[in-house]
Amino acid sequence: MFSIRKKFVAEVEKHSTLKYPHRLNFYDQPPLGEVTIEEFETCALDRLRILAEIESSFARNRPWEELKRFTLEQCSKYLRLDASSAHKQDTEAQRRKDHLGHFVLRLAFCRSEELRRRFVKAETTLFRIRYEEDDRQEREEFLQSRKFGWESVEPEEVKQYASQLKAAASTYLPPKEFEPNLEADKYYKVPWTRVPDLVERRKVFLKGGKAYVPSKEQSSIVFEEFQRSLEKALLVTLKHLPRLDEDTRIFPLLDNLSQGFLAGVSSEWSSTTSSATGDEITADMVDELSRRHFPMCMRHLHDTLKRDKHLKHFGRLQYGLFLKVLGLSIEEALAFWRRSFSGMTDDKFNKEYKYNIRHSYGLEGKRANYPAKSCQQILLSDQPGPQDSHGCPYRHFSLDNLQTALLSMYSSQGLTVSDLPEVVSTVKSGHYHVACTRVFEITHTAQGLKKGEGVDDGESVTHPNQYASRSRELEKKVKEEMDVDVTVT
Amino acid sequence: MLTFYRRLYPFKSIFHWLNHEHTPTKLFMNREFAFTLQGDVYLRYQSFTTADELKKQVCAMNPTRFEIGPMYTARPRDKKLARPGAFQPVMRELVFDIDMTDYDSIRTCCSDASICSRCWAFIAVAVKVLDQSIRNNFGYKYLLWVYSGRRGIHLWISDREAMELTDEQRKALVGWMTVIQGGKDQHKKVNLRLSLRQLPPSILDSLEVLVPAFTDIILDDQDCFRSEEGWRELLHLIPKNYVESLEDKWEKDYDRSSHSKWEDVKNEIKTKTQKGSQPRLTGTTAMEDIILQYTYPRIDAEVSKHRNHLLKAPFCVHPKTGRVCVPVDPSTIDDFNPERVPTVGQLLRELDQAKDTGDEHHSDWEKTSLKPYVEMLDKHALELMEEVRRVKRERGQGVHLIRRHGLHALTGRFSDTSW
Ligand SMILES: [Zn+2]
């Protein structure tokens, strides 16, 4: 009894001094030490981007290799994780961020079965991508460091069951390796419940409840194990969640995070982010721009404004901030809105609307620089009523209206009836941003964009301004290339 | 029926077997019972705290039979009080159901609901193969085979590990056990190998039982290939190049025995191919597959895949035959004769004849031919309870420490106000 306790204490101490010797992490120990609320949030948001990317890759049915490539690209931007051999000074910091982010998201995603399922799937995928990418030796060290409850099968035992092991191997080996090389192949014994997929297909030899798994199949055990322990851990986290009440700042943050997963990660988008466009936009240009570069939500607001010569409050807010970030100066904005509300007297406009427009530019009231609304905000806050025209058409339109609207808005840019079923089925499964991204791809094929490339490096649409600015960049690139062609000839 | 429940039904034994311990645990208290009443009224989500309570309710309602389901997260009778989603099946015996109807296309002695000692041979083979495979491959020890009262048999596995299996794991295990696949229109129902390779190891093991069973049951007793319908079915499973000459021969020799026909197949392959050659291998693998198709256990997969599937309780009475669903010893399965299983009428007569006029007693079954069967269940439950006690003793302290340590690891950091 005493010795058991001592061992436990020793283990705890060992873990607390242990930093991050391995790149891979099973996340079975919570992070230690103090964390600021900002760090808490950044780590989580950056990780969420990656997970959301993985989700949308699944929704788009990307093949594994492609999914992996896109995910790794995103990781290199937001969640770098270098090999130990890289000898970078910041590997330690990278790993801590990885560790912390995972645990914060656990808190956010343990709260419903749906969220747990999606989180586990995305996390297991991320783990698998990293596992496959890991340096062979470092991976081996990582596996050694963990007690998976795998027993090595001794050579005598391999000999004893040689005929059964061979028979099991014959169910899956490719034709050339008709006979397994039992001397060279390593086998592990694991409880059969850890490898149900191998058991179901009779790909392993079973004895007394233990599956004899060849080392080649080892990775499938590791993934299964990762998934299983994460599922369990999330339930444990759920049980203890109420204790977090002690810090009231955390709950709204967690809510935000879990919504981000449902709607794509919100990205801040300011005019400085859009580097390529440069030039200022004038009120005259908006109409033309809307037809060539606007996402559906903004296109819809613009068309409504033109038709009704008016927009209701939330519509003005959503569209006005979008135009501001797009590069419309306050003077041009006032001109634009004045011209658009053509049925209105100057007096009424000045009294009722001018202030609000100036306010949104931070020139009145508390003079805040309001950012444009992200997809997440548009999808989830201020749900539109029947008279409203704000919101996300992919989510808030009926499927019939959506299809009609898509055709009327985008057929000049190459969208056809045959594209609709794919968009509709994505919408039906609740992946609105994926639907929007797909429309972006379809309407930019002329600029050389291919299916799966997304707005940028496979990224999905998460912000209307990202959509518009990327669209303008693509157009500019094509123009520049054409210019080059002209000078050459 | 009421007298049967009141005086003969072994509630205590059933309780021990389901509960694994003497004092009632969640395994019994959170367990679903479902009653089928006269007039086919079906009452689900019944639950009881003790064996006596179960007995009282059974006697009050006098169901034609009752079924046993899983242990849930809460008491089934309080199901409506549970938060939505909070009422979930947790543990349940791993169960199998083998039914004679799945053998209708093979057996020649009976059809439909009827069963005789001859067709019981199919069930006996299935029991032997499954029992052996589950013990050897999966390592489970606490298997209870129960005659279903008419034409089939149930298996209940009570090992802790088996009780805890998720639906996904149950599905995997059933996949491992499933060999015969495909409906009426598919002739070849065994597809286990990549081209002509070896069979998976577990299937190879079962052939030791199946090869002699094939000779005894299919060739000799049932004589499956004597009729034209029977041998034409066989020809569908034989490689094309032998079919013509065999068909010729069998069409002429009306009434040739199955035994001789199987010899014909063997000779045909032997004379037309070289030992160790590819065509020889094609022939012998086809023969192996035929043996499997005719004798490998045919299990009802849906019953085994889901924790919340309900299965008739042992010792219930089959409404059509009046026979009691008694436990069966797999080691003497060949001697088991379903026609000799006691009926409820017979038992009540025996009870009358036992001159003992004392008050009704919970072990009145001792005076009837139900006795050996109840003792079989008692012995099984006792072994199970002994195992559970042993495991509990061993784990004892360890669990306590792990639980405390684990809790601290999670809540300790996250409730820290610095977060
Ligand atoms: Zn029969």
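Residues numbered from 1 in each chain as written. Chains lettered and ligands numbered in written order. Predicted model: local features only at pLDDT ≥ 70, side-chain atom pairs only at ≥ 80, totals over all residues. Heavy atoms only, no water.

A.B. asks: Explain the overall build of chain A to me, please; I cannot follow it from the model alone.
C.D. replies: Scanning chain A from N- to C-terminus turns up 22 helices and 4 strands. Counting only residues that meet the buried cut, chain A has 51% of its 489 residues in that class. Sequence-distant contacts in chain A: of pairs separated by 6 or more residues, those separated by 24 or more amount to 71%. (Helix = DSSP H or I, 4+ residues; strand = E, 2+ residues; numbered from the N terminus. Buried < 20%, exposed > 50% of the residue type's maximum accessible area, 1.4 Å probe, protein only. Contact = heavy atoms within 4.5 Å.)

A.B. asks: Would you mind going over the coordination of the zinc ion with me for this structure?
C.D. replies: Angles between donor atoms at a metal ideally measure 109.5 degrees for a four-coordinate tetrahedral arrangement and either 90 or 180 degrees for a six-coordinate octahedral one. All names here are of chain B. Protein coordination at the zinc ion comes from C109 (SG), C110 (SG), C116 (SG) and C119 (SG), with a distance range of 2.2 to 2.4 Å. If you look at the zinc ion, its 4 donor atoms make angles of 105 to 116° with each other, and the shape they trace is tetrahedral. Look at where the donors of the zinc ion fall in the sequence and you get C-C-x5-C-x2-C. Each member of the pair, C110 together with C119, is buried. (Donors = N, O, S within 2.8 Å, 3.2 Å for Na, K, Ca; no water. Tetrahedral: all angles 85-135°; square planar, octahedral: opposite > 155°, others 65-115°.)

A.B. asks: Hey, could you run me through the pairing of strand β2 (residues 41-46) of chain B in this one?
C.D. replies: A regular strand places its side chains on the two faces of the sheet in alternate fashion. Residue and element names in this part refer to chain B. Both strand β1 (residues 31-37) and β2 contribute to a ladder of 4 bridges, which runs antiparallel. Bridge pairing in β2 places T36 opposite Y42. Following β1, the chain reverses through 3 residues before pairing antiparallel with β2; G39 in that reversal takes a positive phi of roughly 80°. (Pairing = 2+ DSSP bridges.)

A.B. asks: What is the right way to look at the environment of B:H318 in this model?
C.D. replies: Its location among the elements puts B:H318 in the loop between β8 (311-312) and β9 (327-328). At 3.1 Å, the side chain of B:H318 and the backbone nitrogen of B:K320 are in polar contact. (Polar contact = N/O pair within 3.5 Å; in protein donor to acceptor, adjacent residues only side chain to side chain.)

A.B. asks: Is there a simple way to explain the pairing of strand β6 (residues 143-147) of chain B in this structure?
C.D. replies: Residue and element names in this part refer to chain B. Within β6, 5 of the 5 residues are buried, which leaves it mostly tucked inside the rest of the structure. Across the two faces of β6 the burial is the same, with L143, W145 and Y147 and L144 and V146 all buried. Where β6 and strand β7 (residues 152-157) come together, 5 bridges link them in antiparallel fashion. Counted as the bridge partner of L143 is I157 from β7. Following β6, the chain reverses through 4 residues before pairing antiparallel with β7; G149 in that reversal takes a positive phi of roughly 100°. Two strands pair when backbone bridges link them, and β6 and β9 are joined in this way by 2 bridges, in the antiparallel orientation. Paired with V146 across the bridge in β9 is P327.

A.B. asks: Quick question: what am I supposed to make of the UniProt feature "binding site: [4Fe-4S] cluster" (unreviewed entry) in chain A here?
C.D. replies: Residue and element names in this part refer to chain A. The UniProt record marks C297, C375, C392 and C436 with the feature "binding site: [4Fe-4S] cluster" (unreviewed entry), using the residue numbering of this structure. Spanning 140 residues, the named residues nonetheless gather at one spot, since no C-alpha pair among them exceeds 10.2 Å. Counting through the fold element by element, C297 comes out in helix α13 (residues 296-308). When sequence neighbours within four positions are dropped, the list of residues in contact with C297 reads Q318, G391, P393 and P464. (UniProt positions renumbered as here; feature names shortened; annotations may be inferred.)

A.B. asks: Explain the pattern of salt bridges to me, please; I cannot follow it from the model alone.
C.D. replies: Close approach of charged atoms allows side chains of opposite charge to pair. Residues and elements named next belong to chain B. Taken as a whole and judged by the stated rule, the model has 71 salt bridges over all chains. With a closest N to O distance of 2.7 Å, R107 and D104 form a salt bridge. For R226, the salt bridge goes to D255, with nearest N and O atoms at 3.3 Å. Pair noted here: R226 is in the loop between α8 (201-221) and α9 (228-235) and D255 is in the loop between α10 (240-252) and α11 (258-272), with a separation of 29 residues, a long-range link. We classify D255 as partly exposed; its relative accessible area is 44%. (Salt bridge = Lys/Arg side-chain N within 4 Å of Asp/Glu carboxyl O.)

A.B. asks: Hey, could you run me through the sheet that holds strand β5 (residues 94-99) of chain B in this one?
C.D. replies: Each strand in a sheet pairs with its neighbour through backbone hydrogen bonds, running either in the same direction (parallel) or in the opposite one (antiparallel). Spatially, 4 strands are ordered β5-β7-β6-β9 (chain B) in an open sheet, and the strand pairing comes out antiparallel. Edge positions in the open sheet fall to β5 and β9 of chain B, since each of these has one partner strand only.

A.B. asks: Help me understand the packing of helix α12 (residues 286-293) of chain A against α13(A), please; the structure alone is not making it clear to me.
C.D. replies: When two helices pack together, their arrangement is given by the angle between the helix axes and by the axis-to-axis distance. Residue and element names in this part refer to chain A. Where α12 meets α13, the closest approach of the two axes is 10 Å, and the angle between their N-to-C directions is 140°. What the angle tells us is that α12 and α13 run oblique. Taken as a pair, α12 and α13 cross one another with a handedness that is left-handed. Of the residues in α13, those in contact with V286, D287, S290 and R291 of α12 are R299, H302 and K306. (Axes fitted to C-alpha atoms, helices over the stretch in contact; angles between N-to-C directions. Parallel < 35°, antiparallel > 145°, perpendicular 65-115°, else oblique. Left-handed = near helix turned anticlockwise from the far one by under 90°.)

A.B. asks: Just checking my understanding: could you explain the confidence of the model for chain B for this structure?
C.D. replies: The predicted structure's coordinates, where accompanied by low pLDDT, should not be read in detail. Residue and element names in this part refer to chain B. The predicted model of chain B has a mean per-residue pLDDT of 89, with 92% of residues at 70 or higher. The model gives residues 397-419 a pLDDT under 50, and that stretch makes 41 contacts with residues more than four places away or in other chains. What the predictor reports for the complex is a pTM of 0.64 with an ipTM of 0.88. (pLDDT = per-residue confidence, 0-100.)

A.B. asks: Would you mind going over the sheet that holds strand β2 (residues 187-191) of chain A with me for this structure?
C.D. replies: Residues and elements named next belong to chain A. Read across the open sheet, the 4 strands follow the order β1-β2-β4-β3; overall the sheet is antiparallel. Strand pairing shows two members of the sheet lacking a second neighbour, β1 (151-152) and β3 (205-207), which therefore form its edges. Where β2 meets strand β4 (residues 210-214), 5 bridges bridge the pair, whose relative direction is antiparallel. Looking across to β4, one finds that Y188 is bridged to V213.

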